[in-house]
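Spelled out, the chains give:
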Amino acid sequence: MVWFKRDLRVHDHAPLTEAAAAGPVVALYVVEPAYWRLPDTSERQWRFVRAALADLDAALRARGVALTVCVGEAVAVLRALRASTGFTALWSHEETGNGWTYARDRAVGAFCRAERIPWHERLQAGVWRAMTDRDAWQAFHDRVLSAPSVRAPDRIVAATVRGEVTAGDDPLGLTAEPLVESQPAGRRVAIGLVESFLAGRGRDYRRGMSSPRSSAAVCSRLSPHLATGTVSAREVLRRIAAARRSLEAAPPDARPVPLTAIDALVARIHWRDHFTQKLEREPAIEHRSPHALFEAARAPTGPDDPRLRAWAAGRTGWPFVDACIRSLAATGWINFRARAMLQSIASHHLGLDWRASGAVLARLFVDYEPGIHWPQVHMQSGHTGINVPRMYNPLKQSRDQDPAGDFIRQWVPELAGCAGDAVHAPWVAGGVRGYPPPVCDATAAMRAARARLAAVYGHPDFAAIARAVYERHGSRVRPVRPVPRMREARRAAAAQLALPGVGDG
Ligand SMILES: Cc1cc2nc3c(=O)[nH]c(=O)nc-3n(C[C@H](O)[C@H](O)[C@H](O)COP(=O)(O)OP(=O)(O)OC[C@H]3O[C@@H](n4cnc5c(N)ncnc54)[C@H](O)[C@@H]3O)c2cc1C
């Protein structure tokens, strides 16, 4: 029994290759309705998965076995398949998902132990389960990602599955969320994205990745593919490394993409595991801050909170912020900087609980990956205790990233008639009919947010707790600075902390 989860591919899939070598195979995907009802999952994610399943099924059939798609709770499905097929071993990849999938995997583990079914879990990422030594993580990660890709089996002998087990076309009945643009799924698409990036699409990656006008074209757009595993990060990295080697021989101006762009992309693909390792190490950070003092200071936000609703609906009155979230809602993707700004503004300017805003973003992302998402939400909310707290000025971001205001006019049609700087700050000239004034004064809100941070940074236990967070999660690549900079905190905690300046963008 090969259980596909966030690994919807046949290439570089050790569980499939090993199982195919061991005997007849059932290739299984379980559509779990309870998962798709969680507050961090959505129909747009399911739609991408469903398209990827069709692609996986075709790849499996070409090798001799169809994908068996069952709907239900994983243990119940496995129990029924055990009865109908008599399978004797379970193969899958290790998964770092959310708390729900973690609990489900524990239940599957208990079922396998009770039934004496060996469960062979294999690594698909450089994420270390039950890590014993954070200092040794980088070497572990590098070893996993540089290992050779696993060859897909040429032929798979299909085991007989009796009974009606296949899911219908729409097994979940989720309300459709039509997107104005959506990324196609499938292995060929994912490989095509790598190739087009290397053939020239990524030329301006480093310069263009942060502007919403250029990022959709220059970024790799691999995220939903990596999140659902239609291609493995290891295979992507190998393809990039091979292309880089051949480009090294060419003179710089004859290269379709500069080596610096390639290296920047490679670095980001490695960051995936750095973040995911945090959630694997401490699954509770999906629900609580990694730093106990920030958790103690957290005030819950209700779903009907007017600021949360304004932010989620793209009606904060800050045009660039509204354009970013409306564009994300319409397409399912937005670049890193916009994600960081949206989360930072929710936590700092609007004082919202990161759990509420983080769930809104998670649902909007087609590429939702809990292991990246929640640690990024913590980082952009400034409460890890080990990263520089960064606040984004909505007006500065607007002028920097969308100077002509075209992106704003595209996504906030109420401002289509605004010329010049008015598109960035319509409130200055008295506002625009149908578009709200700013939800609060940005400068005063940032000042208040800094004061809230400073109160935590100034606590006598702050540094000791930050040190423990660093020991558990901190990157060992750069020289250690376990406590971030912050001017206010230095004043507040003069004796203990040395923190010059707060990150501001
Ligand atoms: C608040 C917040 C939430 C985020 N949530 C997610 C999420 O749920 N799923 C997700 O895939 N990414 C998430 N990111 C990271 C990043 O924004 C996206 O990976 C990236 O924008 C996807 O576009 P791309 O594939 O074109 O990226 P590229 O820039 O082309 O990067 C290539 C790949 O590297 C990885 N990557 C890129 N940036 C990061 C990063 N900062 N941290 C870790 N890995 C990275 C992704 O797998 C990405 O597909 C989040 C960032 C923030 C600030």
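Remember, predicted model here, so these are calculated numbers, not experimental data.

A. Highlighting the site of the ligand. Around the ligand there are 27 residues in total, and Y205, S220, R221, R272 and D367 lie nearest to it. In the model, an oxygen atom of the ligand is placed 2.6 Å from a nitrogen or oxygen of the Y205 side chain. Backbone polar atom of S223 to an oxygen atom of the ligand: 3.0 Å apart, as the coordinates give it. Contact with the protein chains removes 98% of the 820 Å² of surface that the ligand exposes when unbound. Listing elements by their share of the shell around the ligand, those giving two or more residues are α10 (223-228), α12 (259-281), α16 (336-349) and α18 (370-380). Among the elements that line the shell around the ligand, the one with the most residues is α12, at six residues. Taken together, the residues that form the shell around the ligand break down as 15 nonpolar, six polar and six charged. Two domains each provide a minimum of three residues to the shell around the ligand, namely domain 2 (187-277) and domain 3 (284-504).

B. Fine view of the pattern of salt bridges. The tally for this structure, following the rule as stated, stands at 39 salt bridges. One salt bridge in this structure joins E18 and R122, with 2.9 Å as the shortest N-O distance. Of this pair, E18 sits in helix α1 (residues 14-22) while R122 is found in strand β5 (residues 119-122), placing the two residues 104 residues apart along the sequence. Residue R122 is classed as partly exposed on the basis of its relative accessible area of 27%. For D400, the salt bridge identified is with K396, shortest N-O distance 2.8 Å. Of the two residues, D400 and K396 both sit in helix α19 (residues 394-401), four residues apart, roughly one turn of that helix. K396 sits in the partly exposed class, given a relative accessible area of 41%.

C. Geometry of the domain arrangement of the protein chain. The domain boundaries assigned to the protein chain delineate domain 1 (2-146), domain 2 (187-277) and domain 3 (284-504). Each side of the interface is counted separately: domain 1 has 22 residues, and domain 2 has 18 residues. Buried surface at the junction of domain 1 and domain 2, both sides included, amounts to about 1,900 Å², of which 52% is carbon and sulfur. Taken as a group, D12, F48 and L145 account for 30% of the area that domain 1 buries against domain 2, more than any other trio of residues on that side. The shortest N-O distance in the salt bridge between D12 and R234 comes to 3.1 Å. At the surface where domain 1 touches domain 2, the tally comes to 15 residue pairs in polar contact (both at pLDDT 80 or more). Sorting elements by how many residues they give to the side of domain 1 that touches domain 2 places helix α6 (residues 137-146) first, with five residues. In the side of domain 1 that touches domain 2, the residues fall into eleven nonpolar, five polar and six charged.

Basis of the calculations
- Residues numbered from 1 in each chain as written.
- Predicted model: local features only at pLDDT ≥ 70, side-chain atom pairs only at ≥ 80, totals over all residues.
- Heavy atoms only, no water.
- Near = heavy atom within 4 Å.
- Polar contact = N/O pair within 3.5 Å; in protein donor to acceptor, adjacent residues only side chain to side chain.
- Areas by Shrake-Rupley, 256 points an atom, 1.4 Å probe, with all protein chains shown as cover.
- Helix = DSSP H or I, 4+ residues; strand = E, 2+ residues; numbered from the N terminus.
- Nonpolar A, V, L, I, M, F, W, Y, C, P; charged D, E, K, R; others polar.
- Domains from an automatic or database assignment.
- Salt bridge = Lys/Arg side-chain N within 4 Å of Asp/Glu carboxyl O.
- Buried < 20%, exposed > 50% of the residue type's maximum accessible area, 1.4 Å probe, protein only.
- Contact = heavy atoms within 4.5 Å.
- Buried area = accessible area lost by both parts, 1.4 Å probe.

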